[in-house]
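Each chain, written out:
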Amino acid sequence: MPSPALAALSALPQADLKSIFTTDPDRLSKFTLTHGPIRFDWSKTHLTDELFDGFLKLAEEQGFAAQRDALFAGEAVNNTEGRAAEHPAERGEGNADSVVRAKMFHARMRALIDAIEGEALGPIRHILHIGIGGSALGPDLIIDALGGDGARYDVAIVSNVDGTAMERAISRFDPEATLIAVASKTFTTTETMLNAASAINWMVEAGVEDPYGRVIALTAAPDRAIEWGVDETRVLPFAESVGGRYSLWSSIGFPAALALGWDAFESLLEGAAAMDRHFRLSDPKANAPLIAAFVDQYYARVLGCQTRALFAYDERLRLLPSYLQQLEMESNGKSVTRDGQPVDGPTAPITWGGVGTDAQHAVFQLLHQGTILTPVEFIASIEPGHALDPAHHRALLVNCFAQGAALMRGKDNAADPARAYPGNRPSTTILLNDVTPEVLGALIAFYEHRTFANAVLMGINPFDQFGVELGKEIARSIEAEGPRGFDPSTMALIDIALGGV
């Protein structure tokens, strides 16, 4: 049955952004929130007092407070797989026993990093990190955002099973000075294990003595890693209850901790923990992830917007849209509720985006004058990530703020409709003090909790991902049994490209 609270929200009138500040002089103070080094500004969205109150009722109807408490208590919030979702415990916020276990695993990781820095494995200069999905996107984002030219090791992250990706990575590395990190929760992920085997072959062909001794396994299945050939002392475990796309805080973050230094990794965890406490303890009326979810729900569920665009006006955050694509779409791209019933409306929109100002010259035409309403999110930093002329950063920020104003305001032109801008188009701005480990940790944790809050409001489970399995299952059957029983199109493609396998 449709949610009564959601039905009431759908019946409320839509505000006009062009006049919304005039009709509500207190709007800016009502719909902005500052948490430490991050300012959230929802004032240029269609959120109103009436909508806000309606969403508070929806959160109460869906048992938001109890679900949030269950998450941090380590209860089985991932009901379809019968396990907890304990990524907050990796930051020190969660079930006490799980926090102790996470600290123990972190201590093990730090000890191995100390040994590597002391050249116990030889003079390492390069890190070849092999993983896919959450095992690659998180470390890649962190190292790219925080490393710059200051990373202490050359890092290549290989996720694609396409051998071109592996060739390009190893072509610039000296095998005698390379450490291989294999990141796989199950240590059975097909793409990862094939890439890992190729990396070992590369070392063997280069004459590296004991190539398996250069491998660090990052996994929740340590026995499988040992069976594969990794020495037990070089296995960095993490808990089965930590999901892949939520795992950068665990040993999956090993390459970031090694490349950036342990202090940076610890600051990342501390920033995330501060956001955990904000999400867990704040009143719903002043809870950043929950309010952001209210905005998401309004556009996706009430207005039926099928996409949400994110633009990072900071080169250091250029990989954030890709990271959030997995986090949001794999978590909430569902069609059934927690109890297996069909959902009563749309779920997650398509998350996409890019980097400003590049995106302004590529996709903003549609955002300003197209027929598809797309809520936009801007992310910017007050402090620049470079030492060049301040004019660079000033131009970047001016463009960021101008785009949000233009989307909202629009511009009439009765004489030339092609040059008219309808306006009344929403945007959120997230303004960071700087892109530091602490701030980035808080920002990523914000998005994690926002994703969870959206799931609670829709009554779905954000912690399973069965949708990724069917295609992989069919691929395995083709490899094992050949192309039998498929549609004519698939049979023809296999025959033309693979000779029928």
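For the structure itself, consult the block above.
A. Up close: the overall build of the protein. The secondary structure content of the protein amounts to 19 helices and 11 strands. The C-alpha atoms of the protein give 24 Å as radius of gyration, which agrees with the globular expectation for 501 residues (23 Å, within 12%). Seen along its three principal axes, the alpha-carbon backbone of the protein occupies a region of about 75 × 60 × 55 Å. Looking at the 501 residues of the protein, the share that counts as buried comes to 52%. Contacts in the protein between residues at least 24 apart in sequence constitute 74% of all its contacts with a sequence separation of at least 6. For the protein, the separation between the mean place of its 40 positive charges and that of its 64 negative charges on side chains is 5 Å.

B. The arrangement of the nonpolar core in detail. Counting 98 residues, the largest nonpolar core has Phe-254, Leu-320 and Tyr-447 as the members making the most contacts within it. Residue contributions to this core peak at 12 residues, all from helix α17 (residues 437-458). Filtering out sequence-adjacent residues up to four positions away, Tyr-447 remains in contact with Arg-308, Leu-310, Leu-320, Leu-324, Leu-327, Glu-328, Glu-377, Ile-379 and Ile-430. Grouped together as the second largest cluster of nonpolar side chains are 23 residues, Ile-130, Ala-169, Ala-196 and Ile-200 included.

C. Summary view of helix α5 (residues 64-73). Burial in α5 covers these residues: Phe-64, Arg-68, Ala-70, Leu-71 and Phe-72. In this structure, the buried side of α5 is in contact with α4 (49-61), α12 (262-281), α13 (288-302) and α17. A positive phi of about 80 degrees marks Gly-74, the residue just after α5.

D. Focus on the pairing of strand β6 (residues 215-219). Along β6, 5 of the 5 residues are buried, which leaves the element largely enclosed by surrounding structure. Here β6 shows no split at all, with Val-215, Ala-217 and Thr-219 on one side and Ile-216 and Leu-218 on the other all buried. When strand β5 (residues 178-183) meets β6, the two strands line up parallel, connected through 4 bridges. Across the sheet, Ala-181 pairs through a bridge with Ile-216, a residue of β6.

E. Broad picture of the sheet that holds strand β11 (residues 427-432). If you trace the 6 strands from one edge of the open sheet to the other, you get β1-β2-β11-β10-β8-β9, paired in mixed fashion. The open sheet terminates on both sides in strands that have one partner only, identified here as β1 (32-35) and β9 (350-355). Neighbour-to-neighbour, the strand axes of this sheet turn through a mean angle of 15 degrees, independent of strand direction. Direction of pairing for β1 relative to strand β2 (residues 38-41): antiparallel, over a ladder of 4 bridges. Bridge assignment links Thr-34 to a residue of β2, and that residue is Arg-39. Contacting β2, β8 (307-313), β10 (376-381) and β11, α17 runs over the sheet at an angle of about 150 degrees to β11.

F. Main features of the environment of Val-468. Assignment of secondary structure puts Val-468 in the loop between α17 and α18 (469-481). The spatial distance from the C-alpha of Val-468 to the C-alpha of Glu-330 is 8.4 Å, given a sequence separation of 138 residues.

G. Inspection of the side chain of Arg-91 at higher detail. Mapped onto the elements of the fold, Arg-91 is located in the loop between α5 and α6 (96-117). Accessibility expressed as a relative area gives 7% for Arg-91, which makes it buried. Engagement of the side chain of Arg-91 in a polar contact is seen with the side chain of Asp-276, the distance being 2.6 Å.

H. Local environment of a negative patch on the surface. Judged by side-chain charge, Glu-209, Asp-210, Asp-223, Glu-227, Asp-231 and Glu-232 come together as a negatively charged surface patch. You can see Asp-210 is positioned in the loop between α9 (190-205) and β6.

I. View of the sheet that holds β5. Overall, parallel pairing links the 5 strands, which are arranged β4-β3-β5-β6-β7 in an open sheet. Of all the strands in the sheet, the pair left with one neighbour each is β4 (154-158) and β7 (235-237). The sheet shows a mean angle of 15 degrees between the axes of neighbouring strands, direction not considered. Relative to β7, β6 runs parallel, the two sharing 3 bridges. The partner of Leu-218 across the bridge, within β7, is Leu-236. Relative to β5, α9 is tilted by about 165 degrees, and along the sheet it contacts β3 (126-130), β4, β5 and β6.

J. Quick look at the pattern of salt bridges. Taken as a whole, this structure holds 24 salt bridges when the rule is applied. For Asp-276, the salt bridge is made with Arg-91, and the minimal N-O distance between the two is 2.6 Å. With Asp-276 in helix α12 and Arg-91 in the loop between α5 and α6, this pair connects stretches of sequence that are 185 residues apart. The two residues Asp-276 and Arg-91 agree in class, both being buried. We note a salt bridge from Glu-448 to Arg-91, for which the minimum N-O separation is 2.7 Å. With Glu-448 in helix α17 and Arg-91 in the loop between α5 and α6, this residue pair connects regions lying 357 residues apart in the sequence. For Glu-448, a relative accessible area of 1% gives the class buried. Through salt bridges with shared partners, one network takes in Asp-296, Arg-308, Glu-328, Glu-377 and Arg-450.

K. Quick look at the packing of aromatic side chains. Tallied over the entire structure, the rule returns 19 aromatic pairs. Relative to Tyr-299, the ring of Tyr-298 has its centre 5.3 Å away and its plane inclined at 70 degrees; by these criteria the two rings are edge-to-face. Just as Tyr-298 is buried, Tyr-299 falls in that class too. Ring pairs connect the aromatic residues Phe-64, Phe-72, Tyr-246, Phe-279, Phe-452 and Phe-463, which therefore count as one cluster. It is Arg-91 that lies over the ring of Trp-249; its NZ or CZ is 4.6 Å from the centre.

L. Highlighting unusual backbone geometry. Following Gly-356, the chain continues to Thr-357 via a peptide bond in cis, the omega torsion being 10 degrees. Topologically, Thr-357 is positioned in the loop between β9 and α15 (364-369). A positive phi angle is found at Glu-119, which is not glycine, with a value near 65 degrees. Within the secondary structure, Glu-119 sits in the loop between α6 and β3.

The rules behind these values
- Residues numbered from 1 in each chain as written.
- Predicted model: local features only at pLDDT ≥ 70, side-chain atom pairs only at ≥ 80, totals over all residues.
- Heavy atoms only, no water.
- Helix = DSSP H or I, 4+ residues; strand = E, 2+ residues; numbered from the N terminus.
- Rg over C-alpha atoms; globule rule 2.2 N^0.38 Å.
- Buried < 20%, exposed > 50% of the residue type's maximum accessible area, 1.4 Å probe, protein only.
- Contact = heavy atoms within 4.5 Å.
- Lys, Arg positive; Asp, Glu negative; His and termini not counted.
- Charge placed at Lys NZ, Arg CZ, Asp CG, Glu CD.
- Core = buried A, V, L, I, M, F, W, Y, C linked by side-chain atoms within 4.5 Å.
- Pairing = 2+ DSSP bridges.
- Axes fitted to C-alpha atoms, helices over the stretch in contact; angles between N-to-C directions.
- Polar contact = N/O pair within 3.5 Å; in protein donor to acceptor, adjacent residues only side chain to side chain.
- Patch = residues over 30% accessible without salt bridge, like charges linked within 9 Å, V, L, I, M, F, W, Y side chains within 5 Å.
- Areas by Shrake-Rupley, 256 points an atom, 1.4 Å probe, with all protein chains shown as cover.
- Salt bridge = Lys/Arg side-chain N within 4 Å of Asp/Glu carboxyl O.
- Phe/Tyr/Trp six-rings, centres within 6.5 Å; stacked < 30°, edge-to-face > 60°.
- Lys NZ or Arg CZ within 6 Å of the ring centre and 35° of its normal.

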